[in-house]
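Tertiary structure, described
For reference, the chains in residue letters:
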Amino acid sequence: MRYFIVDDDRASRVMLKTIIEDSGLGTVIGEARNGEDAIPQILMTQPEFVLIDLLMPKLDGIATVEHLTQNRFEGQFIMISQVVNKEMVGEAYEQGIEFFIHKPINRIEVENVLRKTTEQFRLKNSLLVIRQSLTNIDLSEQINQKATSRDHIQSILNDMGIVGEIGSEDIIAIIETLLAHQHKIAPLPPLKELYEEIAAVTKTTPDEILKESKAIEQRVRRTILAAMINLANLGVVDYTNSEFEYYAPRYFDFKEIRQLMTQIEDHENRKAKVNIKKFIQVLYSDILTKVN
């Protein structure tokens, strides 16, 4: 499991990180001392769990959770607080927070809470996989039906752990646009043209299209970075992992993946250069091979 810690007390952050990593519960991929600083980092790295203090300067825990939820962050929250206030606790539950860690921090409590949330997270994911599998079964019509291009794209994005990212739909739209135009493998048209064509599906005026195309680029960039971080995490755990061996050197600049792996091992912030064009080029080439 990957954790992000938000707490204005540095000692608390250090203590939580030590407990998580010494107990083998997971990896702390980032930390911040207030909600305002935490939001962009959390949306970019998409950790499974966010441990967040209830009372903080600039933006408190509940307001931060609300903001992240509105921006489609799907990880789970664990609230840290020494305040025993029924109204605030009730408000936290309304925002989807199910677990609390009390201050002063106690190692046994932290380990118990995090183990419970991990079990819950894995159970939820297992149920989603089962539900998705059942949804994809259509005994009457689809037993021998050839997979669609969208199925192939989603399968690859799923291997990289980004099929649920907000930018994954933009990536699918880009590949489907190239397929619709029966574009050759190389060279691809300028990415700007692809963004604008996709934006024009939902927007009408030039200003709206320009604004949406820029938003598409940012969503795609964040999603590809998330794929790089996921693969780097796989590489740190198991360098011979099949997904890591295939996707890391093929879809990305492997030097950037190695840099991310070093950052993960040294517990540093994850930073890497994202080559959108290479990612789209390789993905489109793979999809052409599959659909043909």
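Structure: see above.
Presented here is a report on the structure given in the accompanying data block. All residue numbers here refer to positions counted from 1 along the written sequence of the relevant chain. Only residues with pLDDT of at least 70 are given local features in this predicted model, and only at 80 or more are side-chain atom pairs given and counted; all residues enter the totals for whole chains, interfaces and linings. Think of the side-chain values as coming from all heavy atoms in the structure, minus any hydrogens and water.

Pairing is parallel across the open sheet formed by five strands, whose spatial order is β2-β1-β3-β4-β5. Looking along the sheet, the strands with just one partner apiece sit at the ends: β2 (27–32) and β5 (99–102). Strand-to-strand twist in this sheet, taken as the mean axis angle between neighbours without regard to direction, amounts to 25°. Relative to strand β4 (residues 76–81), strand β3 (residues 49–53) is paired through five bridges, and the arrangement is parallel. Note on β4: the bridge partner recorded for aspartate 53 is isoleucine 80. Strand pairing requires that DSSP identify at least two bridges connecting the strands. Counting from the N terminus, the helices are the DSSP runs of H or I reaching at least four residues and the strands are the DSSP runs of E reaching at least two. Each axis is a line fitted through C-alpha atoms, taken for helices only over the stretch in contact, and angles between the N-to-C directions span 0 to 180 degrees.

Next up on the list: the packing of aromatic side chains. Centre distance and the angle of the planes are the two values used to describe a pair of aromatic rings. Only centres within 6.5 Å qualify two rings of Phe, Tyr or Trp (six-membered ring in Trp) as a pair; their planes then separate them into stacked at under 30 degrees, edge-to-face at over 60, and tilted for everything else. Enumeration according to the criterion identifies 10 aromatic pairs in this entry. Relative to phenylalanine 121, the ring of phenylalanine 49 lies with its centre 5.5 Å away and its plane at 55°, an arrangement referred to as tilted. Within this pair, whereas phenylalanine 49 is found in strand β3, its partner phenylalanine 121 is found in helix α5 (residues 107–135), the two being separated by 72 residues in sequence. Taken as a pair, phenylalanine 49 and phenylalanine 121 share a single burial class, namely buried. Only protein chains enter the accessibility calculation, which uses a 1.4 Å probe. A residue is then buried if its area is under 20% of the maximum for its type, exposed if over 50%, and partly exposed in between.

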